[in-house]
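One letter stands for each residue in the lines below.
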Amino acid sequence: MSTRPRVIGNGSIYQVKEGVFQYRFNLGKDPKTGKYAYSPKRTLHCEGMNKRTQNAMLRKALEEYKEELNSGIVRDSGNRTVAEYAEDFHSLREDSFRSPLAYAREGNYISHIHEMFAHIRLADLHPDDIRHIYADARKKGMSEAELHGTHVKLRQILQDAVDNELILRNPCIPVKLPKPTYRERDPLTAEEASRFLSCLLAEPLSAKATGTMLLLQCGLRRGEMLGLTWEDIDFGQHTLSVSKQYTNDKTLRAPKSKMSRRTIAINDSLVSYLNRWKQEQQVQLSRYTLDQDNKTPIVNGIKVIKTEDGKFATVVNVDGHNFDRWFRDFCVDSGFGSYSNVTRRFKRGGKEHIRGTGYSGLVPHALRHTQATLLIGEGADVKTVQARLGHASPSTTLSIYSHAIEANDRKAADAFGELISKESSS
């Protein structure tokens, strides 16, 4: 603990980068040196927030820091552990996350950091300590993907400590961890995709069938598909725009990344299918005296609310878990999945339907990989596939679809060999 003189002025604020600010206070002249002394810098993260919200957060942070300094007590940061600093870092960032799920994911990494670095002081952590702790975590069964994510978060937290002048350098920087290799996906083959499409076209028009068609034909993420409204479809230009997603916490949010906000081409058959569903949806909504407009979700549900005045219907987005349940049933009925525990069998429209638990088989995200793999197999360039899927960078596309790209490379080599062989023999 150490005492400080009262602060002078309202503090100084520096913008480090977009949405990240540092601030400190003038503490007056040091009586020994005659030079002005300053409080340690503090960092505020408010990425993705508007200027008004950022300014409000900065004012609050400055007031709290000023009050702490004027109390005559400043934390002795030298004794703070890595775990303590990580927990403070996490708690101070809660308002800067657009999604509670993303904040919860960071919390998972903070838990790992707490377990791995519980009693090590910030000032005592060295790169070799980190390497040994990671080696021990591997022995205990932590996956390379989870370890890599924890390392990225630890590096960010320790850089924050450097920015706040609590430590001189970031001990994570010399520790290099390779990016985890992506698990090979099991996309549908061209023949399987064709059969899946035939089964889908034989299904009665419905919101969930339309959602599945969009996943297959456009390579969307499930949340992006669930967030689409009719204003996102340009029937004249044959395009679809992704500008939002409907998340598992039942909230419309911005897409996953800047590249995820995109406009992609859609083919004639999908335009025709969407036109037919739009007309059918309008008929279904009219039964509940509901109107269809540009803001109506393409993949919609109808919720009936009971009040003292009676029952009222409203249009809602389909919940992701409900969509997954329908998708599993469709895949089992169409031969793309199975239930280990069958609870019911019935016939409808001359077709047998099976319901149960213990599902194994195709999942919605596999349709996204099917689109990418088949496009690459047909010679589409990586940049086009990246833009269509909304990957943040081409390296993501290259990592996930390396197998398909290598197969294309083999085909290209063979094709070139055949080409020059013909020329040399003529």
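Just above sits the structure.
Residues numbered from 1 in each chain as written. Predicted model: local features only at pLDDT ≥ 70, side-chain atom pairs only at ≥ 80, totals over all residues. Heavy atoms only, no water.

**Q** Give a detailed account of the overall build of the chain, specifying residues and quantitative values.
**A** For the chain, the count of helices and strands is 14 helices and 13 strands. Buried residues in the chain amount to 40% of all 426 residues. For the chain, contacts bridging at least 24 residues in sequence account for 56% of all contacts bridging at least 6. Of the roughly 24200 Å² of accessible surface on the chain, a fraction of 51% belongs to carbon and sulfur atoms. (Helix = DSSP H or I, 4+ residues; strand = E, 2+ residues; numbered from the N terminus. Buried < 20%, exposed > 50% of the residue type's maximum accessible area, 1.4 Å probe, protein only. Contact = heavy atoms within 4.5 Å. Areas by Shrake-Rupley, 256 points an atom, 1.4 Å probe, with all protein chains shown as cover.)

**Q** Outline the environment of Val-152, supporting the account with residue identities and numerical values.
**A** When you line up the elements, Val-152 lands in helix α5 (residues 144–163). Sequence separation between Val-152 and Leu-177 is 25 residues, and the spatial gap between their C-alpha atoms is 9.3 Å.

**Q** Describe the packing of helix α7 (residues 207–218) against helix α9 (residues 268–286), listing the residues and the values that go with them.
**A** Running from amino to carboxyl end, α7 crosses α9 at an angle of 165°, the nearest separation of the two axes being 11 Å. The orientation of α7 relative to α9 falls into the category roughly antiparallel. For α7 against α9, the interelement crossing comes out left-handed. Only Ser-269, Leu-270, Tyr-273, Leu-274 and Trp-277 of α9 make contact with α7, whose side of the interface consists of Ala-207, Ala-209, Thr-210, Met-213, Leu-214, Gln-217 and Cys-218. Grouping the constituent residues of the contact of α7 with α9 by class yields 9 nonpolar, 3 polar and no charged. (Axes fitted to C-alpha atoms, helices over the stretch in contact; angles between N-to-C directions. Parallel < 35°, antiparallel > 145°, perpendicular 65-115°, else oblique. Left-handed = near helix turned anticlockwise from the far one by under 90°. Nonpolar A, V, L, I, M, F, W, Y, C, P; charged D, E, K, R; others polar.)

**Q** Could you give me a rundown of helix α10 (residues 320–334), with the residues and numbers involved?
**A** An α-helical segment advances 3.6 residues per turn. Residues three or four places apart therefore align on the same side. Compared with the 21 Å implied by 1.5 Å per residue over 15 residues, the 21 Å span of α10 between its first and last C-alpha is a close match. In terms of burial, α10 is largely enclosed, as 11 of its 15 residues are buried. Within the sequence span of α10, burial applies to Gly-320, Phe-323, Asp-324, Trp-326, Phe-327, Asp-329, Phe-330, Cys-331, Val-332, Asp-333 and Ser-334. Close packing links the buried residues of α10 with α6 (190–202), α7, α8 (222–226), β12 (337–348), β13 (351–361) and α11 (364–377). For α10, the N-terminal capping position is held by Asp-319, with its side-chain oxygen 3.0 Å away from the main-chain nitrogen of His-321. (Expected span 1.5 Å × (residues − 1). Polar contact = N/O pair within 3.5 Å; in protein donor to acceptor, adjacent residues only side chain to side chain.)

**Q** Residues and numbers for α7, please.
**A** Here α7 contains 12 residues, and its C-alpha end-to-end distance of 16 Å stays within 8% of the 16 Å for a straight helix at 1.5 Å per residue. Burial analysis of α7 places 11 of its 12 residues in the buried class, the great majority of the element. Buried within α7 are the following residues: Ala-207, Ala-209, Thr-210, Gly-211, Thr-212, Met-213, Leu-214, Leu-215, Leu-216, Gln-217 and Cys-218.

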